[in-house]
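Take a look at the letters that make up each chain.
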Amino acid sequence: MDSHKSIQNLSIPELDVDAVRKDFPILQTTIHDKPLIYLDNAASSQKPEFVIKTINNYYSYEHSNVHRGIHHLSQQATQQYEQAREKVANFIGANHSHEIIWTRGTTEAINLVAYSWGQNNLKQGDVIIISTCEHHSNIVPWQLICELTGATLRHLPLDSHDKSFNLNKLAEMLTPNTRMIALTHMSNVLGTITDLSKVVELARHNGSLVLADGAQSVPHIPVNVAELGIDFLAFSGHKMLGPTGIGCLYGREELLEDMPPYQGGGDMIETVTMSQSTWNQLPYKFEAGTPNIAGAIGLGAAVDYLEHLGMESVRAHSHKLNSYAISALSEIDQISIYGPRNPSVRGGVFSFNHADIHPHDLGQVLDSKGVAIRAGHHCAQPLMAELGVGSTARASFYIYNTQSEIDELCAAIKSAGEFFSK
Ligand code: 7TS
């Protein structure tokens, strides 16, 4: 789904943010005796009671191992676990639920593709393209597999003006040797949303595959893999209201069928003899060992919750907060915001620096006021180098954040500025 189109649709129901907030126990708490203003959602989102209760209920009354028991509990656990896979498949528009592989998160999903697909398909002379604004999870696995296979890793530089992807430049970089284009769908530093349909169009001319890092996009904008035409999508449960330790790799069936297992062990085999083994069907070929059953079921509940809100409404809320944040933060003279100003091409991730305050100091002062932001390099050191900074402060929003929380953020930044200028 094109996020640009969706936000112009005026019939999208608005989120009832007051009601949403009541669903999150942690938002009813205080930090340093102040109401919690949680603006670190790009790192991990908070969890609604519905997800917490689903996991609690599973462990309290329904737990057993999956795919191996003939007893009732095991069958019930298997059913819930596989239903969660179907929910995720529907949520991202996959054609089949066996195109969804459970992983620990985005990082493991990208490693799976880099190793399993890469070892089978890459050789000297082949090229992988990533960009300068990738999270380390979409850089390091490719560096490792290039070292193993002799393939070359090249990076797409950002547009010098607004730090968006320059797709003309991408077109120039493509050659018949380009085997994979692996790009973030939404930057965890700049918030920039990548026009994946265009990337896929360019890639198709060239016969290369496209992997999208959806860690920041899947929680915040409607993502449909079939409409986008991408080959792989990686994302994490914990950034989309689900538990930690669970995430997904979506892969097109034909590609997954051709890829060898990533890890060996129980559940991923069809037969084992002392001399050789054969592999289980998809998706189990890639899921060795007892999986994170509660995690998958919890992520299924998170998907239910997001679908109940409607991803169009989630995106519309983000758009509203982004517009507000851009003008509110721009009013503070000492603040420079990185990334595009147009709220239609960005998500709710705002990295900024204060002329007089180091990001870590700013983070600490804000914490003392109950405002949780992140400071650091955000696992994007090449991007920090391109921006010419060592670190930034970062505020990132989600469904439960409000304009008045952005006002509080700005007030806290202003008061920190006054404190440090004394
Ligand atoms: N890709 C992007 C774009 C990310 O933002 C992150 C996590 C990852 C990959 C890795 O996800 P994981 O769940 O496997 O760890 N980003 C952040 C962040 O910005 N702050 O903390 C984690």
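Remarks on the sheet that holds strand β7 (residues 178-184)
Next, step 1: In space, the 7 strands of this open sheet follow the order β4-β10-β9-β8-β7-β5-β6, with mixed pairing throughout. For this open sheet the edge positions go to β4 (100-103) and β6 (152-156), each flanked by a neighbour on one side alone. Strand-to-strand twist in this sheet, taken as the mean axis angle between neighbours without regard to direction, amounts to 20°.
Next, step 2: Relative to β7, strand β5 (residues 127-131) runs parallel, the two being bridged by 3 bridges. The partner of Ile129 across the bridge, within β7, is Ile181.
Next, step 3: Along the sheet, helix α5 (residues 106-121) makes contact with β4, β5, β7, β8 (209-213), β9 (232-236) and β10 (247-251), crossing β9 at roughly 150°.

Section: the pairing of β7
Next, step 1: By the criterion of burial, β7 is predominantly enclosed, with 6 of the 7 residues buried.
Next, step 2: Looking at chain direction, β7 and β8 are connected through 5 bridges and run parallel. If you follow Thr184 over to β8, its bridge partner there is Asp213.
Next, step 3: Note that the unit made of β7, helix α8 (residues 196-206) and β8 has a crossover that is right-handed.

Focus on the site of the ligand
Next, step 1: The immediate surroundings of the ligand are formed by 16 residues, with Thr107, Asp213, Ser236, Arg374 and Arg394 found nearest.
Next, step 2: One nitrogen or oxygen atom from the main chain of Thr106 is found 3.4 Å from an oxygen atom belonging to the ligand.
Next, step 3: Here an oxygen atom of the ligand sits 2.6 Å away from a polar atom, N or O, in the side chain of Arg394.
Next, step 4: When the ligand is considered free in solution it has 490 Å² of accessible area, and contact with the protein chains removes 87% of it.
Next, step 5: Taken atom by atom, the bulk of the ligand overlaps the second largest pocket.

Comments concerning the sheet that holds strand β13 (residues 335-337)
Remark on secondary structure: sheet strands pair via backbone hydrogen bonds, oriented parallel or antiparallel.
Next, step 1: The sheet built from 4 strands is open, its strands ordered β13-β14-β17-β16 with antiparallel pairing. Only two strands of the sheet have a single partner each, and these edge strands are β13 and β16 (374-376). Between one strand axis and the next, the sheet turns by 30° as a mean value, whatever way the strands run.
Next, step 2: Bridge analysis of β13 against strand β14 (residues 349-354) gives 3 bridges, and the strand direction is antiparallel. When the sheet's bridge partners are listed, Ile335 is paired in β14 with His354.

Some words on the domain arrangement of the chain
Many descriptions give the size of an interface as the accessible area lost when the pieces come together.
Next, step 1: When its domains are assigned, the chain resolves into domain 1 (17-31 + 311-421) and domain 2 (52-308).
Next, step 2: Averaged C-alpha coordinates put domain 1 and domain 2 at centres separated by 28 Å.
Next, step 3: Contacts between domain 1 and domain 2 engage 32 residues on the former and 30 residues on the latter.
Next, step 4: A buried area of about 2,500 Å², summed over both sides, lies between domain 1 and domain 2, and 64% of it is on carbon and sulfur atoms.
Next, step 5: Three residues stand out in domain 1 for area buried against domain 2, namely Met311, Glu386 and Tyr398, and they jointly supply 27% of the buried area on that side.

Describing the environment of Tyr59
Next, step 1: Within the secondary structure, Tyr59 sits in helix α3 (residues 49-62).
Next, step 2: As a C-alpha pair, Tyr59 and Ile293 span 234 residues in sequence and 9.8 Å in three-dimensional space.

Here's the deal with the environment of Asn401
Next, step 1: Among the structural elements, Asn401 can be located in the loop between β17 (392-396) and α15 (403-421).
Next, step 2: Given the relative accessible area of 1%, Asn401 is considered buried.
Next, step 3: Separated by 349 residues in sequence, Asn401 and Ile52 place their C-alpha atoms 20 Å apart.
Next, step 4: In contact with Asn401, not counting residues within four places along its chain, are Val17, Arg21, Tyr38, Leu39, Asn41, His317, Leu321 and Ser396.
Next, step 5: Separated by 2.8 Å, the side chains of Asn401 and Glu405 make a polar contact.

As for the nonpolar core
Next, step 1: Counting 78 residues, the largest nonpolar core has Ile92, Leu233 and Ile399 as the members making the most contacts within it.
Next, step 2: Looking at this core, you find at least three residues from each of domain 1 (17-31 + 311-421) and domain 2 (52-308).
Next, step 3: Here Ile92 is in contact with Ile100, Val218, Val223, Asn224, Val225, Leu233, Phe235 and Tyr250, once residues within four sequence places are set aside.

Some points on the confidence of the model for the chain
Next, step 1: Averaged over every residue, the pLDDT of the chain is 95; the share at 70 or more is 98%.
Next, step 2: Least confident of the elements in the chain is helix α1 (residues 3-6), whose mean pLDDT is 42; most confident is β9, at 99.
Next, step 3: Counted against residues more than four places away or in other chains, residues 1-8, with its pLDDT under 50, gives 17 contacts.

Rules used in this analysis
- Residues numbered from 1 in each chain as written.
- Predicted model: local features only at pLDDT ≥ 70, side-chain atom pairs only at ≥ 80, totals over all residues.
- Heavy atoms only, no water.
- Pairing = 2+ DSSP bridges.
- Helix = DSSP H or I, 4+ residues; strand = E, 2+ residues; numbered from the N terminus.
- Axes fitted to C-alpha atoms, helices over the stretch in contact; angles between N-to-C directions.
- Contact = heavy atoms within 4.5 Å.
- Buried < 20%, exposed > 50% of the residue type's maximum accessible area, 1.4 Å probe, protein only.
- Right-handed = clockwise from strand over helix to strand, strands pointing away.
- Near = heavy atom within 4 Å.
- Polar contact = N/O pair within 3.5 Å; in protein donor to acceptor, adjacent residues only side chain to side chain.
- Areas by Shrake-Rupley, 256 points an atom, 1.4 Å probe, with all protein chains shown as cover.
- 1 Å grid on protein atoms, 1.4 Å probe; cavity = no way out; pocket = protein on both sides within 12 Å on 5 of 7 lines; lining within 4 Å.
- Sits in = over half its atoms within 2 Å of the grid points.
- Domains from an automatic or database assignment.
- Buried area = accessible area lost by both parts, 1.4 Å probe.
- Core = buried A, V, L, I, M, F, W, Y, C linked by side-chain atoms within 4.5 Å.
- pLDDT = per-residue confidence, 0-100.

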